[in-house]
Amino acid sequence: MQIIQPKILKGTREFGTDDMSKRNCVMDTIKRIFSTYGYGPIETPILNPAETILGKYGGEGDRLTYNFKDNGNRSLALPYDLTVPFARYFAANWQQLPLPFKRYQIQRVWRAEKPQKGRLREFYQCDIDIIGTNSLLAEAEVARVITNVFTELGFSNFKIKTNSRRLMNDIFESFNVPKDKAMQSIRIIDKLGKIGEEGVLEELKKLGVEDVKNLLQTLKPEGSIEATLSRLSEYDTSEIETLVSYCKALQIPSEILNFDPTLARGLDYYTGIIYEVISLENPDLGSLCGGGRYDNLCGLFCKESFSGMGVAFGFERIMIAMEERGAFEDIQPNAEVLVTVFDEDSISSSLEIYELLTSEGISAEIYFEVDKLKKQLKFADKKGIPFVIIQGPEEKEKGEVMIKSMKSGKQKSIPLTQLINYLKSYEQS
Amino acid sequence: MNKVNTRIRIAVQNKGRLMEPSLDYLRRCGLEFETEKRSLTAKCKNAEIELIFVRNKDITEYVKYDVADFGIVGQNVLMEKGQQFEVIRELGFGKCDLVVAIPNDSKVKSVSDLEHERIATSYPNTLREFLKKKKISASVIEIQGSVEICPSLGLADAVFDITQTGKTIEENNMKVLEKLASSEAVLIKNPNTKPQYEDMFL
């Protein structure tokens with residue numbers, strides 16, 4: 001029989017227990033914070049009628065959407081992001097949902113990209129949205145959630161950059177940028193980080209925007225939010241001011257929230273406050289989280305229009321940043337304790353100890369063979385299990401167990417009745 | 001017992017080594033009051049001040065919750081609570097040391113030998129912090145009181161506790177391995193209490 005190559009598709013990935021433990025640890029933290037702020041989880045299908053997904057992301061987006069005919073010759077598509085599946089879900093269910101509706105969603109999405117570094121065919125997105133309210137409290141809350149996520153994941157120097165699309169449009173108007181060119185101008189300004197000021201000036205000129213130097217000068221942020229606001233005093237900056245005051249009440253440190261009038265974010269459905277998160281320790285990674293206020297996301301799926309606010313966390317980039325920082329050194333992917341089996345006669349008592357540990361919620365493993373102790377210890381070492389429990393006839397006679405620390409090599413005998421408390425009270429330094 | 005009716009409330013230990021010296025101190029500050037057995041409060045005769053007698057470890061809570069304006073508490077308790085309180089006076093009484101003690105016949109020679117051992121204490125947070133600092137992994141056995149008895153009962157290999165004279169440690173056939181910190185009684189203040197009230201304290 002021919003052996004099939006055990007390979008996976010280019011642009012897809014698989015994760016072993018070490019990697020998955022790290023990913024789960026980060027996901028658990030993120031989910032816990034989301035639910036602390038009252039976001040509930042939802043999940044939407046992977047297989048969708050093609051028309052649900054196609055035609056929402058422009059020509060380039062359609063080209064990158066996985067779509068195919070299934071066995072019944074139906075046209076299907078895989079999600080390109082979580083925003084469109086969420087919009088469809090909300091449009092189909094809003095009458096039954098409590099409004100405003102807050103959800104989080106962590107799922108795989110697919111891109112029919114040519115795989116290369118940083119571009120995958122299959123990856124996770126991680127979104128939160130509040131839909132069904134215009135209130136700026138939603139924006140402030142999302143900023144608080146972002147702050148908690150990055151702080152708890154150990155990012156010590158990150159910024160939430162914010163801007164208002166409304167304000168940006170006001171400024172464009174005062175510079176006589178034609179309405180039909182506003183969106184293109186926003187996309188050009190969005191490239192400020194990539195192509196620099198000169199590049200942006202040139203492209204704006206090419207577009208036919210006048211007075212581009214002054215325009216860009218007007219948009220440039222000052223050293224503090226107050227200074228930037230006071231320079232823009234001829235415009236209506238109340239949205240930013242209100243947001244800043246709410247964020248202050250939510251105790252978001254002022255050094256984290258940065259008002260940057262050049263912040264654009266390319267997508268054209270944003271209508272109000274927008275956010276982008278960067279980590280100054282990992283500037284090469286670009287945006288780690290982004291999103292904003294939208295007014296008519298569900299318009300394609302229902303007649304009613306709903307205003308909402310949401311951001312997507314770049315889960316894969318967050319993982320890369322944390323890996324670079326060495327954040328996962330303490331992660332314990334395997335059990336805390338290995339119960340060894342001393343000899344054939346002690347199998348039952350080893351099983352009893354094993355049951356005692358696991359019933360108390362201590363993660364443990366039992367060694368499956370009656371091997372030499374040395375071999376059993378080697379197994380613990382290879383799996384990175386920190387404690388090994390040994391009960392030879394002598395310990396058993398006294399009702400004791402020997403507990404060995406694999407890290408220090410030290411071992412000591414304690415009464416079996418103290419084992420659980422010993423382990424639960426252990427302070428790993 | 002509404003706080004509006006009394007101007008100032010001071011939380012004092014209801015029993016234990018700080019109680020008598022605390023009352024002496026308050027009398028030296030000029031407060032006149034009588035304490036009755038079993039009474040949990042005492043009103044001052046010469047000032048709009050009320051003393052409340054509470055458990056040692058609750059004093060910080062009363063101050064934190066804005067129920068008491070001032071509290072007299074040991075630094076050892078503040079260390080264990082790990083919360084920031086405004087200390088306005090160090091009172092010079094209730095002095096004691098926080099020590100690690102081991103049985104006289106113990107094989108432990110230095111604190112690094114405590115690795116992997118069991119240490120009994122009523123101050124688990126303080127001990128954990130110390131172990132972290134010294135990079136020692138050990139089992140912190142929490143006991144509410146009389147921790148000195150634990151080694152002889154086979155419950156622990158060492159203890160971490162406060163000691164004034166070292167007598168209790170000696171009586172339990174133990175010796176001090178290392179002194180980690182010293183402590184005395186301090187006067188703490190609630191951040192909402194007006195600073196001028198501090199003036200009455202010596």
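The structure displayed is predicted, hence computed values, not measured ones.

1. Notes on the overall build of chain B
- In terms of helices and strands, chain B carries five helices and eleven strands.
- Structurally, chain B occupies a C-alpha span of about 60 × 30 × 25 Å along its principal axes.
- When each of the 202 residues of chain B is scored for burial, the buried share is 51%.
- In chain B, the share of contacts with a sequence separation of at least 24, taken over all contacts with a separation of at least 6, comes to 67%.
- One way to put it: in chain B the 30 positive side-chain charges average out to a point 1 Å from where the 30 negative ones average out.

2. Some points on the packing of helix H1 (residues 17–36) of chain A against helix H12 (residues 315–325) of chain A
Residue and element names in this part refer to chain A.
- Remark: H1 packs on H12, axes separated minimally by 11 Å, with the N-to-C direction vectors making an angle of 115 degrees. Here H1 and H12 pass one another in a crossing that is right-handed. On H12, the residues touching Lys22, Arg23, Val26, Met27 and Ile30 of H1 are Phe315, Glu316, Ile318, Met319, Met322 and Glu323.
- Tallied by class, residues from the contact of H1 with H12 come to seven nonpolar, no polar and four charged.

3. Section: the interface of chain B and chain A
- Facing 18 residues of chain B, the contacting portion of chain A comprises 19 residues.
- Roughly 1,500 Å² of surface becomes buried between chain B and chain A when both sides are summed, with 45% attributable to carbon and sulfur atoms.
- Interface area lost by chain B to chain A is led by B:His116, B:Arg118 and B:Ser137, which between them contribute 41%.
- There are five salt bridges connecting chain B and chain A.
- A salt bridge links A:Lys412 to B:Asp157; the nearest nitrogen and oxygen atoms lie 2.7 Å apart.
- Linking chain B with chain A are 19 residue pairs in polar contact (both at pLDDT 80 or more), by the criterion used here.

4. Comments concerning the packing of aromatic side chains
All names here are of chain A.
- The final tally for this structure, using the stated rule, is 19 aromatic pairs over all chains.
- Here the aromatic rings of Phe34 and Phe313 are separated by 5.5 Å at their centres, their planes lie at 50 degrees, and the arrangement is tilted. Pair noted here: Phe34 is in helix H1 and Phe313 is in strand S11 (residues 308–313), with a separation of 279 residues, a long-range link.
- Overall, the relative accessible area of 2% leaves Phe313 in the buried class.

5. Section: the sheet that holds strand S12 (residues 337–339) of chain A
Residue and element names in this part refer to chain A.
- One open sheet holds the five strands; their spatial order is S13-S12-S14-S15-S16, and the pairing between them is mixed. Two strands lie at the open edges of the sheet, namely strand S13 (364–366) and strand S16 (411–415), each paired on one side alone. Each adjacent strand pair in this sheet contributes to an overall mean axis angle of 25 degrees, direction not counted.
- Bridge analysis of strand S15 (residues 400–405) against S16 gives five bridges, and the strand direction is antiparallel. In the sheet register, Glu400 faces S16, and the bridge partner there is Pro415.

6. A few points about empty space enclosed by the protein
All names here are of chain A.
- Counted under the stated rule, the structure contains one cavity of 30 Å³ or more.
- For the largest cavity, the calculated volume is near 40 Å³.
- Lining the largest cavity are Arg13, Phe15, Arg23, Arg108, Glu122, Phe123, Tyr124 and Glu316.
- The biggest single contributor to the lining of the largest cavity is strand S6 (residues 122–131), with three residues.
- The class makeup of the residues in the lining of the largest cavity is three nonpolar, no polar and five charged.

7. Structural notes on a negative patch on the surface
- Residues A:Asp170, A:Glu173, A:Asp236 and A:Glu241 make up a contiguous surface patch of negative charge.
- As for its position among the elements, A:Glu241 is in helix H11 (residues 238–249).

8. Concerning the nonpolar core
- Residues A:Phe34, A:Ile146, A:Phe150, A:Tyr275 and A:Phe313 are the most contacted members of the largest nonpolar core, which totals 71 residues.
- Examining the composition of this core, we find that nine residues originate from one element, helix H5 (residues 136–152) of chain A, more than from any other.
- When neighbours within four sequence positions are excluded, A:Phe34 is seen to be in contact with A:Tyr39, A:Tyr104, A:Cys126, A:Ile128, A:Val145, A:Val149 and A:Phe313.
- Within the second largest apolar cluster, 24 residues are counted, among which are B:Met19, B:Leu23, B:Ile72 and B:Phe93.

9. Some remarks on the domain arrangement of chain B
Residue and element names in this part refer to chain B.
- Along its sequence, chain B is carved into domain 1 (8–94 + 184–200) and domain 2 (96–183).
- Centre-to-centre separation of domain 1 and domain 2, based on C-alpha positions: 29 Å.
- Facing the nine residues of domain 1 at the interface are twelve residues of domain 2.
- Among the residues of domain 1 in contact with domain 2, Asn76, Met79 and Glu80 are the three that bury the most area, contributing 58% of the side total.
- The interface formed by domain 1 and domain 2 includes zero salt bridges.

10. Concerning the sheet that holds strand S6 (residues 96–103) of chain B
- Read from one edge to the other, the open sheet built from six strands follows the order S17(A)-S8(B)-S7(B)-S9(B)-S6(B)-S10(B), with strand pairing classed as mixed. Only two strands of the sheet have a single neighbouring strand rather than two, namely strand S17 (426–427) of chain A together with strand S10 (174–183) of chain B.
- One ladder, built from four bridges, connects strand S7 (residues 118–121) of chain B with strand S8 (residues 138–142) of chain B; its direction is parallel. Residue pairing for S8(B): B:Arg118 is matched across the bridge by B:Ser139.
- In this fold helix H4 (residues 124–134) of chain B packs onto S17 of chain A together with S7, S8, strand S9 (158–163) and S10 of chain B, with an angle of close to 170 degrees to the strand it touches most, S8(B).

11. Some details on the side chain of B:Glu117
- Examined against the element boundaries, B:Glu117 turns out to sit in the loop between S6 and S7.
- Given the relative accessible area of 13%, B:Glu117 is considered buried.
- Beyond its immediate sequence surroundings of up to four residues, B:Glu117 is in contact with A:Lys410, A:Lys412, A:Tyr422, B:Ala138, B:Ser139 and B:Asp157.

12. Focus: the pairing of strand S11 (residues 185–189) of chain B
All names here are of chain B.
- Among the five residues in S11, five count as buried, and that is most of the element.
- Burial of S11 is two-sided: the residues Ala185, Leu187 and Lys189 facing one way and the residues Val186 and Ile188 facing the other way are all buried.
- Bridge count for strand S4 (residues 70–74) against S11 is five bridges, and the pairing is antiparallel. Bridged to Gly74 within S11 is Ala185.
- Of the strand pairs in this sheet, strand S5 (residues 86–90) and S11 are connected by four bridges, and their pairing is antiparallel. Paired with Glu90 across the bridge in S11 is Val186.

13. Some points on the layout of surface pockets
All names here are of chain B.
- Here the second largest pocket is characterised by a volume of approximately 780 Å³.
- In this structure, the second largest pocket is lined by 28 residues; those nearest its centre are Arg17, Asn56, Tyr123, Gln144 and Ile162.
- In terms of residues, the lining of the second largest pocket owes the most to one element, S9, which gives three residues.
- When grouped by side-chain class, the residues that make up the lining of the second largest pocket number seven nonpolar, 15 polar and six charged.
- Three or more residues apiece are contributed to the lining of the second largest pocket by two domains, here domain 1 (8–94 + 184–200) and domain 2 (96–183).

The rules behind these values
Residues numbered from 1 in each chain as written. Chains lettered and ligands numbered in written order. Predicted model: local features only at pLDDT ≥ 70, side-chain atom pairs only at ≥ 80, totals over all residues. Heavy atoms only, no water. Helix = DSSP H or I, 4+ residues; strand = E, 2+ residues; numbered from the N terminus. Buried < 20%, exposed > 50% of the residue type's maximum accessible area, 1.4 Å probe, protein only. Contact = heavy atoms within 4.5 Å. Lys, Arg positive; Asp, Glu negative; His and termini not counted. Charge placed at Lys NZ, Arg CZ, Asp CG, Glu CD. Axes fitted to C-alpha atoms, helices over the stretch in contact; angles between N-to-C directions. Left-handed = near helix turned anticlockwise from the far one by under 90°. Nonpolar A, V, L, I, M, F, W, Y, C, P; charged D, E, K, R; others polar. Buried area = accessible area lost by both parts, 1.4 Å probe. Salt bridge = Lys/Arg side-chain N within 4 Å of Asp/Glu carboxyl O. Polar contact = N/O pair within 3.5 Å; in protein donor to acceptor, adjacent residues only side chain to side chain. Phe/Tyr/Trp six-rings, centres within 6.5 Å; stacked < 30°, edge-to-face > 60°. Pairing = 2+ DSSP bridges. 1 Å grid on protein atoms, 1.4 Å probe; cavity = no way out; pocket = protein on both sides within 12 Å on 5 of 7 lines; lining within 4 Å. Points joined across faces, edges and corners; volume = space filled by probe spheres on them. Patch = residues over 30% accessible without salt bridge, like charges linked within 9 Å, V, L, I, M, F, W, Y side chains within 5 Å. Areas by Shrake-Rupley, 256 points an atom, 1.4 Å probe, with all protein chains shown as cover. Core = buried A, V, L, I, M, F, W, Y, C linked by side-chain atoms within 4.5 Å. Domains from an automatic or database assignment.

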